[in-house]
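Geometric and topological summary
For reference, the chains in residue letters:
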Amino acid sequence: MPPNDVTSLLHLNTGETNDADMIAIGLQEVNSKINKRLKDALFTDQWSELFMDVLSPFHFILVSTVRMQGVILLVFAKYYHLPFLQDIQTDCTRTGLGGYWGNKGGVSVRLSIFGHMVCFLNCHLPAHLEKAEQRKEDFATILHMQQFEGRAASGILDHDLVFWFGDLNFRIESLDIRFVKYAIDSNILSQLWEKDQLNIAKSTWPVLSGFQEGPLNFPPTFKFDVGTNKYDSSAKKRKPAWTDRILWKIKSPSVGLGAGGRRPSRGILSVSQLCYCSHMEYMVSDHKPVAAIFAVQFASRTDKPQVEIYVADEWSRPEQAIVRYKMAAGFHRSSWDWIGLYRVGFRHPKDYVSYVWARSDDAVSGLQVMFSEEALPKGKGEYILGYYSNASSSIAGVTEPFQISLPRSEEGSSPTDSSGSSSEEEDDSTLVLLAPKSRSPSPGKMKRHRSRSPSLAKFQGLILRPSSRDRGMSRSPSPQSHRGLPGDIPAIHLPQEEPGCRGTKAKEPGWAADSQEGNSFYQTVREQGRTRRVSADNPLARADPRNLGLLPALRLEMIDQAMGRQRESVEQGYPCQRMSPTSLPGCSTSPKEGSSP
């Protein structure tokens, strides 16, 4: 389970992270027992929730994440760098039980940072002193199996810069456990370095050629009694070792020109390690976490975002909510691109307050869209606009923060509440099950996360939507408001959507589904005072970009509550109406439709 506070682990209390541009976090041995794994499939895992909650106030946004059982990798970046982080892909390789089990292996996130290809690789390699050769073989397998799309860098070692870290499980050879503990207590760690298996392997294994690591000036990080700073006192008496490591590699100039005639990186890219340390204050594991801070210098190959967005300094009236933007030559736009309105401190690209579909028509002098009054947040606050590219599954342009100052709606009313007075008396809170992969910034790109063996599906989470009478207070995605659902299970709390209508692309959205067998998705659309259902293949069904390919919406009630409501409706002479996936706040359904099974 995650600790209560990770500020010192992320160096948030030192000021160093305030100057950091990106943070990569690798976790191993996260609880992945069947019952916990199923919970994490429905809800965001608690570790990811924790890091997003802690980092979002510092303007770090989750760029990408990948999980393989207990191995998780998260990559964060400052929001203003998002347009320059492109070609984001993930991969994972299982090496446990001959490649069929993911308790061991590696997960990676690769991306282009200002035109330079960078790969983050988080590994959990085989344990025990005598398994050094097995660790070598598994690492070679991971490097061989992980391949990415595109010509820029198809393999891990083809990237300009690789960060390799995790529980690599290398041990200290030859030395007796009593001498190892004596060297630790006497702070003569240098006498242990030459017997460290990874230090030996770096000079003897060709697969590790070029990997660098800072000096191990901190005590071995394994194995401790959980909850203490004492090394293993069990009957096994495991010898302390530096199992948890962080290394990096710059692509060698001997590789020559890469695909497409790309120049080698040496000479224009350099890495300096500013800090390499362990954190003894964390005692939730038998390992101690390790952190490193790097300064990476390179010549920027990209100085302008693919989409430039222009907006006024303040929106004090709804008619001022006009967004102008222009695209760079060669930008691959899509009819599924959209512009999101984010509160400052948002956590990931799908954590928007509202959105509008981007125009796909040609315009030489730029394009313009407008947010409807219903889609705008009420009250005062700082916001950011971001252009989300469906083709690259990333944000291609952002604005500087600007002010929105609109009067709040009257107490107890909501601009989008069209269900009448009866809905005010009914608790219409709804749980929506988001689609697989939607926790990732690239949920629609299933092919970008490839696995060599079957795995459990991933879901972003179950989200408790507030009732229509609470909507005016709950639409803000402020980081301080992310408290999670009742209990210990966290969830990504996405803001209340108030999508604007633009043509047929943004009709009144509803999350509706037919039976699970047919996977036929429908949507309620109001037209000339009547309600009808349309197929998801119909353009009318394209409502919320966050909800493409949704599973059926769910309404959870206590049996007594549901039966009581049914008895009450019968006593009043009304027909019994069963909950339909379309009966969400803002979606009106006739009794006849609502009563269909």
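Just so you know, these numbers come straight off a predicted model, no measurement behind them.

1. Description of the packing of aromatic side chains
Aromatic ring pairs are defined here through the distance separating the ring centres and the angle between the ring planes. Enumeration according to the criterion identifies 25 aromatic pairs in this entry. When the centroid spacing of 6.0 Å and the interplanar angle of 50 degrees are considered together, the rings of Trp 315 and Phe 371 count as tilted. Taken as a pair, Trp 315 in strand β12 (residues 314-315) and Phe 371 in the loop between β16 (367-370) and β17 (379-389) lie far apart in primary sequence, 56 residues in all. Overall, the relative accessible area of 1% leaves Phe 371 in the buried class. By way of ring pairs, the aromatic residues Trp 336, Trp 338, Tyr 352, Tyr 355, Trp 357 and Tyr 388 are connected into one cluster. Over the face of the ring belonging to Phe 60 we find Lys 78, whose NZ or CZ atom lies 5.0 Å from the ring centre. Stacked on the ring of Phe 170, the Lys or Arg Arg 135 has its end atom at 5.3 Å from the ring centre.

2. Concerning the pattern of salt bridges
Scanning all chains against the criterion turns up 11 salt bridges. A salt bridge links Arg 301 to Asp 160, with the nearest nitrogen and oxygen atoms 3.8 Å apart. Remark: Asp 160 occurs in the loop between α3 (132-145) and β7 (161-167) and Arg 301 occurs in the loop between β10 (290-298) and β11 (307-310); sequence separation between them is 141 residues. Look at Asp 160 and you get buried, because its relative accessible area is 0%. Linked through salt bridges whose partners overlap, the residues forming this network are Asp 196, Lys 202, Glu 213 and Arg 245.

3. So, α3
For α3, built from 14 residues, the straight-helix expectation of 20 Å at 1.5 Å per residue is met to within 8% by its first-to-last C-alpha distance of 20 Å. Restricting attention to buried positions, one finds in α3 the residues Ala 132, Arg 135, Asp 138, Phe 139, Ile 142 and Leu 143. Taken down its axis, α3 places every buried residue within 140 degrees of arc, on the same side. Buried positions along α3 lie against β4 (85-96), β5 (101-113), β6 (116-124), β7 and α6 (197-204).

4. Here we look at the sheet that holds strand β2 (residues 60-68)
Spatial strand order, β1-β3-β2: three strands in an open sheet with antiparallel pairing. The strands lining the two open edges of the sheet, one partner per strand, are β1 (22-27) and β2. On average, adjacent strands in this sheet sit at an angle of 10 degrees to one another, irrespective of strand direction. The sheet contact formed by β2 and strand β3 (residues 71-78) spans eight bridges and is antiparallel.

5. Focus on the sheet that holds strand β13 (residues 322-327)
Strand order in the open sheet formed by three strands is β11-β13-β16, with antiparallel pairing between adjacent strands. Two strands in the sheet have a free side with no partner beyond their single neighbour: β11 and β16. Averaged over all pairs of adjacent strands, the angle between their axes in this sheet comes to 25 degrees, without regard to strand direction. Strand direction decides the pairing type here: β11 and β13, joined by four bridges, are antiparallel. Bridging from a neighbouring strand, Glu 308 pairs with Lys 326 of β13.

6. Thoughts on a nonpolar patch on the surface
Together, Leu 97, Tyr 100 and Trp 101 give the surface a local cluster of nonpolar side chains, amounting to about 430 Å² of exposed area. Topologically, Trp 101 is positioned in strand β5.

7. So, the environment of Phe 58
Structurally, Phe 58 is set in the loop between α2 (46-55) and β2. Looking at Phe 58, the relative accessible area reads 28%, which means it is partly exposed. Along the backbone, Phe 58 and Lys 78 are 20 residues apart, and their C-alpha atoms lie at a distance of 8.1 Å.

8. Things to note about the environment of Ser 174
Along the chain, the position of Ser 174 falls in the loop between β7 and α4 (177-185). Residues Ser 174 and Asp 196, spaced 22 residues apart in sequence, show a C-alpha to C-alpha distance of 9.5 Å. Setting aside residues up to four positions removed in sequence, Ser 174 forms contacts with Lys 195 and Lys 239.

Rules behind the numbers
- Residues numbered from 1 in each chain as written.
- Predicted model: local features only at pLDDT ≥ 70, side-chain atom pairs only at ≥ 80, totals over all residues.
- Heavy atoms only, no water.
- Phe/Tyr/Trp six-rings, centres within 6.5 Å; stacked < 30°, edge-to-face > 60°.
- Helix = DSSP H or I, 4+ residues; strand = E, 2+ residues; numbered from the N terminus.
- Buried < 20%, exposed > 50% of the residue type's maximum accessible area, 1.4 Å probe, protein only.
- Lys NZ or Arg CZ within 6 Å of the ring centre and 35° of its normal.
- Salt bridge = Lys/Arg side-chain N within 4 Å of Asp/Glu carboxyl O.
- Expected span 1.5 Å × (residues − 1).
- Arc of directions from axis to C-beta.
- Contact = heavy atoms within 4.5 Å.
- Pairing = 2+ DSSP bridges.
- Axes fitted to C-alpha atoms, helices over the stretch in contact; angles between N-to-C directions.
- Patch = residues over 30% accessible without salt bridge, like charges linked within 9 Å, V, L, I, M, F, W, Y side chains within 5 Å.
- Areas by Shrake-Rupley, 256 points an atom, 1.4 Å probe, with all protein chains shown as cover.

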